[in-house]
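Spelled out from the first residue to the last, the chains are:
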Amino acid sequence: NLSRATELFELAAEVGDPDAQFNLGMLYSAAPGAPIDDDRRREGLAVLHMYAASTGGHPGALMAMGYRHLHGYGVPQSCSSASLSYIEVAKQIANVYSEGMPQAVELIRLNLHSKDRKSVSSSEVNLFVQIASSGDTGVAAAIGKRYLLGIEGFKQDYQQAKKYLRMAANRNHAGSLALLGYMHCLGLGLQPNMDTAYSYFVSAATHNDPLGHNGLGFLYFKGTRSLTRDVKLAFKHFNESAFSGSADGMYNLASMYLTGSGTQQSFHHAVLYYTQALDRGHTPAAYSLALMHLNGVGTVRDCDIAVDLLKKVCERGDWISSKLVEAHEYAERDPERSALLFLKLAEAGHEVSQMNAAHLFDSGQSSLLYSSEGSDDEGRSVDARHHGRIVAQRLYEMSAEQGSTSSELRLGDYSYYGWGVSAIFRETLDASVAQAAPAGESDLTLPELYTSSEVASVPQEEDYEAALARYRKAADMTVTGEWMQSFVARGSFNLGFMHQFGVGVAQDLQTAKQYYHRCREVDPGGLHLPVSFVLLALGAHMKWLRLPAWPELLGRLLVDFRVHILVIHLVCMLVLAIVRWQLSVEAARPRGRPRVASAPAPASPPARSASAPAVAASVAASSGGGGGGEGEGEG
């Protein structure tokens, strides 16, 4: 009940509740026609409530305002304003990552087939647990690390992590020793104990483990009750860790160069190692590098790069990760609740959530924002599907603007089949005013199309050119992840189809062939049978188009001597086939015994008793006996 929900949110927003203000902004922004039909007024109210929630420190609202300022959605496009909104959230998240190990953020796209999703089922988890319990050190270490970070189907559980890491550490597994040192150092699931952490780090460092060296560097940099602070020794261990490939070691080494602790200050080296840590997904490194780009420290000042990095940091925070985990848990058993969670994250600018929310509305799994008052079941179903596609179209467009291949491909489908809506300028030109204008001024007046700011949404018609542009953009994207392969291949296939049959573009079979072959190149592990079939059909199509016109073709055939011989052969074969058929029919017909001529029998009176047939039979037998020898002789 959207109207009731809006009333309750407004009551809570009036007393200054930031979460209610954020939800109101989300409803005004995402629900077309509800609760207000005027698009411009609804968008203004969405911005108003989002801004009010951001002043209250709501992380989602701060991210939403930063996202709007970054792209100019309902507010002036301003990189500096976007950075001010993002930096408030990013600062808190960077501190959390520096002080512990928050749950890792897993990005699952609902429009991918289940076999293409990188996740571990519960049965596989149980299998790995059994293998680890049987004494496999590598599997035990891997399970402990996944429980510690909460990734790949393992929920974050410090007690389980400690259990399996100790199983591997008892067999001198270097990585497990270092991770146990982190748990004791940061107090993850147990009381902090720097001495115990130091012993674990030393044991790991003796095996030249990069995490062990990083832990020792951290303890030497901070100092403990039993360990004197030594920044030069800390720099040495951070350097060992960084050169062994540890992202934490690279981040700490960059921080040493930035502040000049234990070494000579060098902004150039700081940017270098922050960038290397960022390439390995290090969140605090992204925050530090964003500040350097924002202020021009050690690098060229670039607000766009800084805001992009700050946005990535914000999307790894607890506000995003907790809602992502909950939304994925409810995706199948409660799509409406999952759609609501994804919608909140989508308004904050999270690209994967925008695509997931659009998928739920587009596929008809959710009708969260649809009001079904006053319509029958059949009409409500059709109207709900149309409404869901309108909601999904906006989310697809926001996701595609952030570089989503799947959303770009789906928007091409919307243009090809005429789904969703399109925006046009309203014609408000008053003919009487135009006639009353002076003759000299009427020629200088711009058409209303260029001066009117009134925009109306109308049902989208089939637009093959727009679909072609969307498909081409999707097909030309660089594959940066395995999940993109199928979508880029589908974009190439659609382009091949449109070039083959001249849909929205001039017919070009060679270009179609190139796009069909690109499907195999982009997605080598995909389903290639349809592509092979289409390539065979394309080859036949190309040969068919190379044939001359029918009158010319018939003329050439009639004057060709080889065709005459072929026709004569065909006619002869046809005649022979008919003769053979006739002979086979005659041979299959049954032959009867020839009849023997005999004298006519005298007329007999009608039978009056039962003995008459017997007498006639005896007479016939005696008369036939005389001709029997002749009949046998003939035979």
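Residues numbered from 1 in each chain as written. Predicted model: local features only at pLDDT ≥ 70, side-chain atom pairs only at ≥ 80, totals over all residues. Heavy atoms only, no water.

Student: Sorry, what's going on with the overall build of the protein here?
Tutor: Counting its secondary structure elements, the protein contains 32 helices and 2 strands. Across the 635 residues that make up the protein, the buried fraction comes to 39%. Sequence separation of at least 24 residues holds for 57% of the intrachain contacts in the protein that already meet a minimum separation of 6. Carbon and sulfur atoms provide 56% of the accessible area of the protein, an area that totals close to 35600 Å². (Helix = DSSP H or I, 4+ residues; strand = E, 2+ residues; numbered from the N terminus. Buried < 20%, exposed > 50% of the residue type's maximum accessible area, 1.4 Å probe, protein only. Contact = heavy atoms within 4.5 Å. Areas by Shrake-Rupley, 256 points an atom, 1.4 Å probe, with all protein chains shown as cover.)

Student: Got a minute to help me understand a negative patch on the surface in this structure?
Tutor: Negative charge collects at one region of the surface, where Glu461, Glu462, Asp463 and Glu465 lie side by side. With respect to the helices and strands, the residue Asp463 is situated in the loop between strand 2 (455-459) and helix 25 (464-475). Given a relative accessible area of 35%, Asp463 falls into the partly exposed group. (Patch = residues over 30% accessible without salt bridge, like charges linked within 9 Å, V, L, I, M, F, W, Y side chains within 5 Å. Salt bridge = Lys/Arg side-chain N within 4 Å of Asp/Glu carboxyl O. Lys, Arg positive; Asp, Glu negative; His and termini not counted. Charge placed at Lys NZ, Arg CZ, Asp CG, Glu CD.)

Student: Is there a simple way to think about the confidence of the model for the protein in this case?
Tutor: Low pLDDT means the predicted atomic positions in that stretch should not be read closely. Considering every residue of the protein, the mean pLDDT works out to 85; 85% of them sit at 70 or more. Mean pLDDT per element in the protein: helix 31 (residues 612-626) is the minimum at 41, and helix 4 (residues 59-71) is the maximum at 97. Between residues 428-433, whose pLDDT stays under 50, and residues either more than four places distant or in other chains, the model counts 3 contacts. Within the model, pLDDT remains below 50 along residues 603-635, and this stretch shows 2 contacts once partners closer than five positions in the same chain are excluded. (pLDDT = per-residue confidence, 0-100.)

Student: Would you explain the side chain of Ser29 in this entry?
Tutor: Here Ser29 lies in helix 2 (residues 18-30). Here Ser29 falls in the buried class, since its relative accessible area comes to 6%. Among the polar contacts listed, one links the side chain of Ser29 to the side chain of Arg394, at a separation of 2.6 Å. Ignoring anything within four residues of it in the chain, the contact list for Ser29 reads Glu43, Ala46, Arg68, Glu347 and Arg394. (Polar contact = N/O pair within 3.5 Å; in protein donor to acceptor, adjacent residues only side chain to side chain.)

Student: What is the right way to read helix 10 (residues 194-206) from this model?
Tutor: Structural remark: α-helix, 3.6 residues per turn; residues separated by three or four positions point the same way. Its 13 residues place the ends of helix 10 18 Å apart at the C-alpha level, agreeing with the 18 Å of an ideal helix rising 1.5 Å per residue. Lining the buried residues of helix 10 we find helix 9 (174-186) and helix 11 (210-222). Positive phi shows up at Asn208, right after helix 10, with a value of about 60 degrees. (Expected span 1.5 Å × (residues − 1).)

Student: Would you explain the state of the cysteines in this entry?
Tutor: In protein chemistry, a disulfide is the covalent bond that joins the sulfur atoms of two cysteines. If you walk through the whole model with that rule in mind, you get 1 disulfide. Each sulfur in the disulfide pair Cys79 and Cys303 lies 2.0 Å from the other. Looking along the S-S bond of the Cys79-Cys303 disulfide, the torsion reads about -105 degrees, which is the left-handed sense. Linking Cys79 in helix 5 (residues 79-99) with Cys303 in helix 16 (residues 303-314), this pair joins segments that are 224 residues apart in sequence. (Disulfide = S-S within 2.5 Å.)

Student: What should I look at first to understand the packing of aromatic side chains in this one?
Tutor: The relation between two aromatic rings is expressed through the spacing of the ring centres and the mutual angle of the planes. A complete count under the given rule lists 17 aromatic pairs for this structure. Aromatic side chains Phe497 and Phe501 sit 4.9 Å apart centroid to centroid with 50 degrees between the ring planes, which places their arrangement in the tilted category. With Phe497 and Phe501 both in helix 26 (residues 485-501), this residue pair falls 4 residues apart, about one helical turn. Among the residues examined, Phe497 registers a relative accessible area of 34% and is labelled partly exposed. Taken together, the ring pairs connect Tyr396, Tyr414, Tyr416, Tyr417, Trp419 and Tyr464 into an aromatic cluster. Over the face of the ring belonging to Trp483 we find Arg109, whose NZ or CZ atom lies 3.7 Å from the ring centre. Over the ring of Trp419 we find Arg389; its NZ or CZ atom is 3.9 Å from the centre of that ring. (Phe/Tyr/Trp six-rings, centres within 6.5 Å; stacked < 30°, edge-to-face > 60°. Lys NZ or Arg CZ within 6 Å of the ring centre and 35° of its normal.)

Student: Help me understand the packing of helix 11 against helix 12 (residues 231-243) in this model?
Tutor: Relative orientation and spacing of two packed helices are given, respectively, by the angle between their axes and the distance between those axes. Remark: helix 11 packs on helix 12, axes separated minimally by 8 Å, with the N-to-C direction vectors making an angle of 160 degrees. In terms of their interaxial angle, helix 11 and helix 12 are classed as roughly antiparallel. Crossing angle aside, the handedness with which helix 11 passes helix 12 is left-handed. Between helix 11, through Pro210, His213, Asn214, Leu216, Gly217, Phe218, Tyr220 and Phe221, and helix 12, the contact on the second element is made entirely by Val231, Leu233, Ala234, His237, Phe238, Glu240 and Ser241. Here the contact of helix 11 with helix 12 is built from residues that sort into 9 nonpolar, 5 polar and 1 charged. (Axes fitted to C-alpha atoms, helices over the stretch in contact; angles between N-to-C directions. Parallel < 35°, antiparallel > 145°, perpendicular 65-115°, else oblique. Left-handed = near helix turned anticlockwise from the far one by under 90°. Nonpolar A, V, L, I, M, F, W, Y, C, P; charged D, E, K, R; others polar.)

Student: Sorry, what's going on with unusual backbone geometry here?
Tutor: Excluding glycine, residues mostly have negative phi values, and the peptide bonds linking residues are mostly trans. In this structure, Asn172 is a non-glycine residue whose phi angle is positive, near 60 degrees. Note on placement: Asn172 falls in the loop between helix 8 (158-169) and helix 9. Asn172 sits in the exposed class, given a relative accessible area of 52%. Of note, the phi angle at Asn208 is positive, near 60 degrees, even though the residue is not glycine. Relative to the assigned elements, Asn208 resides in the loop between helix 10 and helix 11.

Student: What is the right way to read the pattern of salt bridges from this model?
Tutor: Side-chain pairs of opposite charge can arise whenever the charged atoms involved come near each other. Summed over all chains, the structure comprises 14 salt bridges. Where Asp362 meets Arg389, a salt bridge forms, and the shortest distance between an N and an O atom there is 3.8 Å. Taken together, the positions of Asp362 in helix 19 (residues 351-362) and Arg389 in helix 20 (residues 377-401) put the pair 27 residues apart, joining distant regions of the chain. Across the pair, Arg389 and Asp362 agree in class, each one buried. What emerges from the salt-bridge pattern is a single network uniting Asp362, Arg389, Arg410 and Asp413.

Student: Explain the packing of helix 8 against helix 9 to me, please; I cannot follow it from the model alone.
Tutor: Where helix 8 meets helix 9, the axes come as close as 9 Å, and the angle between the chain directions of the two elements is 140 degrees. In terms of their interaxial angle, helix 8 and helix 9 are classed as oblique. Between helix 8 and helix 9 lies a crossing of left-handed hand. Where helix 8 abuts helix 9, its residues Tyr158, Lys162, Leu165, Arg166, Ala168 and Ala169 lie against Ser176, Leu177, Leu179, Leu180, Met183 and His184. Across the contact of helix 8 with helix 9, the residue classes tally to 8 nonpolar, 2 polar and 2 charged.

Student: Explain helix 30 (residues 561-588) to me, please; I cannot follow it from the model alone.
Tutor: An ideal rise of 1.5 Å per residue puts 40 Å on 28 residues; helix 30 measures up with 41 Å between its terminal C-alpha atoms. The N-terminus of helix 30 is capped by Asp560, whose side-chain oxygen sits 3.1 Å from the backbone nitrogen of Arg562.

Student: What should I look at first to understand the nonpolar core in this one?
Tutor: Across soluble globular proteins, nonpolar side chains have a tendency to be buried as a group. Grouped together as the largest cluster of nonpolar side chains are 109 residues, with contacts concentrated most on Ile143, Tyr274, Phe361, Leu369 and Leu395. Considering every element that reaches this core, the biggest residue donor is helix 5, with 8 residues. The residues touching Leu395, leaving out its near neighbours within four places in the chain, are Leu343, Ala346, Gln354, Ala357, Ala358 and Phe361. Among the nonpolar cores identified, the runner-up in size contains 13 residues, and Leu468, Ala474, Ala475 and Val503 belong to it. (Core = buried A, V, L, I, M, F, W, Y, C linked by side-chain atoms within 4.5 Å.)

Student: Before we go on, may I ask you to explain a nonpolar patch on the surface in this structure?
Tutor: There is a patch of nonpolar side chains on the surface, built from Trp544, Leu545, Leu547, Trp550, Leu554 and Leu557 and spanning about 650 Å² of accessible area. Elements represented by at least two residues in the nonpolar patch include exactly helix 28 (529-546) and helix 29 (550-559). Ranked by residues supplied to the nonpolar patch, first place goes to helix 29 with 3 residues. By secondary structure assignment, the location of Trp550 is in helix 29.

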